[in-house]
Amino acid sequence: MKNILGIDIGFGDCKITYGSSDGNIIKQFKFPSAIGVTKRNEHIQDTRIYDFKEHSYYIGENANHLPSENRIDISDYKSLEFFSALFMYHALKQLPSLPDIVVVGLSKAQINNSGHFKEAIQKFTVNDENFAFDNVFVLPQGAGAKLCIDKYGNHFPKEQDEFLGKTSYVGCDIGFNTLDMFMVTEGKTSPALFEGIEKEGVMKIATLVAKKVKELHGRTIGLHEAKQIIDTKVYKLRGQSHDFKDYVEEVKKAYLKELLQLIEVKYGKILDQMDFISVNGGGSAMFKSTTDGFIRVPETAHEYYNSLGQYLFGCSKT
């Protein structure tokens, strides 16, 4: 039996599904795709620090506690590729054992770089620990979600009893940076039916929130700090909490309206022949959960649909 890691290394969060090749999911978790530059103190042993390529970093929640000037925004492909090994390392440290198979996703907008992305996580060194994985697969973002929908529909972890073999739908994965869409016709899809658009994800909302913080409080914050405000609806400054609920809801509604217009433009009259639109990814939380309307959102684990599908793909390779 082999251990399989499905890891969705996103611009906002890293989502992990880890399990054995018999279909037993052992661990599922996420952490922010946050990077912070720091320095080691020879007098203090800090296990949270990761040394990578001659620099030292905090990752995930640990990075979120650093000053703004120490944080690095993961907002473009180059930074995602460069730091992917650190995100992998942070995930591996939380697993009971190393995986035999690793499956990751990459937006169709960046899939031409899949060879470089694969190399970055296939062999790397962090904290003087060397890692090398023989079986690494890179899927177009959204492909994992399609596999997950096939098995679970919108009701993970309950396997669905609805037959989707003749179902046609548009899948929409809302990430932090990218928006990935794909079309399924009578249960089947192909790489030609996937499309990825950069800078159309939740970062559009984060950018507006960061501007509003600057306007109201005179502070410059990064996109990951803005994402924290989107998640909590609160901006904290020197012990004071400032309510951003109304503004976040306002920009969310505007974003969703633009998103639906974009889907309409991309697919037009083809939508008339679709059974539904399936929305997943971190951004899908902005939609009200519904499993039987034209726009469908998973009841649970909506953020994990790609990593779940990547895990399922890994199972099929054993």
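Use the structure listed above.
Quick summary incoming for the structure in this document. (Residues numbered from 1 in each chain as written. Predicted model: local features only at pLDDT ≥ 70, side-chain atom pairs only at ≥ 80, totals over all residues. Heavy atoms only, no water.)

We now examine the packing of helix 2 (residues 77–92) against helix 3 (residues 114–122). Between helix 2 and helix 3, the least distance of the axes is 8 Å, while the angle of their chain directions is 25°. With respect to their mutual orientation, helix 2 and helix 3 come out roughly parallel. The crossing of helix 2 and helix 3 is right-handed. Along the contact surface, helix 2 presents Tyr 77, Leu 80, Glu 81, Ser 84, Ala 85 and Met 88, while helix 3 presents His 116, Phe 117, Ala 120 and Ile 121. (Axes fitted to C-alpha atoms, helices over the stretch in contact; angles between N-to-C directions. Helix = DSSP H or I, 4+ residues; strand = E, 2+ residues; numbered from the N terminus. Parallel < 35°, antiparallel > 145°, perpendicular 65-115°, else oblique. Left-handed = near helix turned anticlockwise from the far one by under 90°. Contact = heavy atoms within 4.5 Å.)

The next thing to look at is the layout of surface pockets. By volume, the largest pocket amounts to about 480 Å³. Looking at the largest pocket, it is lined by 33 residues, and the ones nearest its centre are Ile 174, Gly 175, Phe 176, Gly 282 and Gly 283. Counting residues per element, the ones that place at least two in the lining of the largest pocket are strand 1 (3–9), strand 2 (13–20), strand 8 (101–106), strand 12 (169–174) and helix 6 (223–232). In terms of residue count, helix 6 provides more of the lining of the largest pocket than any other element does, three residues in total. Its residues placed into classes, the lining of the largest pocket shows ten nonpolar, 13 polar and ten charged. (1 Å grid on protein atoms, 1.4 Å probe; cavity = no way out; pocket = protein on both sides within 12 Å on 5 of 7 lines; lining within 4 Å. Points joined across faces, edges and corners; volume = space filled by probe spheres on them. Nonpolar A, V, L, I, M, F, W, Y, C, P; charged D, E, K, R; others polar.)

A few words now on the pairing of strand 16 (residues 240–243). Pairing between strand 15 (residues 234–237) and strand 16: four bridges, direction antiparallel. Counted as the bridge partner of Tyr 235 is His 242 from strand 16. Linkage of strand 15 to strand 16, two consecutive antiparallel strands, is achieved through a turn of two residues, within which Arg 238 is found at a positive phi near 50°. (Pairing = 2+ DSSP bridges.)

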